[in-house]
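Descriptive structure summary
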Amino acid sequence: MLRISIETPDDSQEVEYLYDLAFAPGRQALSSYRLRDAVPPVAKLCMVARGEEGVLAGAIRYWPVAIGAAKALLLGPIAVHPTRQGEGVGAELIEASLARAEALGWQRVLLVGDAPYYRRFGFERVTGVEMPPPTNPERVLGRALIKGAFGGVTGIVQQDVKPRRSRG
Ligand SMILES: CC(C)(COP(=O)(O)OP(=O)(O)OC[C@H]1O[C@@H](n2cnc3c(N)ncnc32)[C@H](O)[C@@H]1OP(=O)(O)O)[C@@H](O)C(=O)NCCC(=O)NCCS
């Protein structure tokens with residue numbers, strides 16, 4: 001049994017513990033975190049997966065970013081509790097949140113991660129989109145939520161402190 005819901009303030013501390021458990025110490029030193037500093041996540045897309053008796057199995061968060069004039073979502077962090085990995089929890093979180101992002105009108109999603117995992121969700125390497133250094137360009141992956149959403153989108157990924165109504 002798995003219940004996926006939007007993260008609430010009551011979940012937040014538990015989610016932070018899960019991220020600390022799933023990632024190497026010092027995760028906040030990763031360059032992708034510079035895009036998250038002092039910027040609130042996209043609350044409508046941050047989700048938790050809870051199993052039996054409400055135990056936290058996994059969590060996903062998103063941040064708003066900008067590539068030039070183009071708005072995008074930065075997927076991550078995503079983590080699944082070590083005792084629940086390989087059961088499809090990560091897949092359910094990714095699919096549920098991407099479907100919601102699309103329904104909310106977002107056009108494109110970026111992440112820094114392992115292509116062999118994210119490929120199954122339609123992510124592929126995006127060229128010409130630069131994450132803050134040091135980031136291995138091979139790990140910069142994108143997924144268009146509408147056809148051609150990465151066409152002509154190039155440049156350095158920056159914080160998007162004031163998300164506009166239009167996300168084009
Ligand atoms: C990566 C993670 C979120 C995947 O969640 P999950 O619920 O275990 O994954 P799923 O059950 O949906 O998928 C399992 C499949 O993904 C594969 N997989 C998991 N991590 C992978 C990786 N980094 N690279 C390639 N394949 C990976 C598994 O081998 C398995 O393959 P199979 O379906 O062929 O057996 C989870 O393993 C995790 O929290 N890892 C630690 C934190 C982390 O690395 N987060 C991602 C940062 S980019």
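Residues numbered from 1 in each chain as written. Predicted model: local features only at pLDDT ≥ 70, side-chain atom pairs only at ≥ 80, totals over all residues. Heavy atoms only, no water.

1. Some words on unusual backbone geometry
The omega torsion of the bond from Gly 76 to Pro 77 falls at 0°, within 30 degrees of zero and hence cis. With respect to the secondary-structure elements, Pro 77 resides in strand β4 (residues 70-80). Of note in this structure, Ala 38 is not a glycine but carries a positive phi near 60°. Locating Ala 38 in the fold gives a position in the loop between α1 (12-22) and β2 (47-50). (Helix = DSSP H or I, 4+ residues; strand = E, 2+ residues; numbered from the N terminus.)

2. Concerning the site of the ligand
Neighbouring the ligand are 19 residues; Val 80, Gly 86, Gly 88, Gly 90 and Asp 114 lie closest to it. The backbone of Gly 88 places a nitrogen or oxygen atom 2.6 Å from an oxygen atom of the ligand. Bound to the protein, the ligand loses 62% of the 900 Å² it would expose on its own. Mapped by element, the contributors of at least two residues to the shell around the ligand are β4, α2 (89-103) and α3 (115-118). Tallied by class, the residues present in the shell around the ligand amount to 11 nonpolar, five polar and three charged. (Near = heavy atom within 4 Å. Polar contact = N/O pair within 3.5 Å; in protein donor to acceptor, adjacent residues only side chain to side chain. Areas by Shrake-Rupley, 256 points an atom, 1.4 Å probe, with all protein chains shown as cover. Nonpolar A, V, L, I, M, F, W, Y, C, P; charged D, E, K, R; others polar.)

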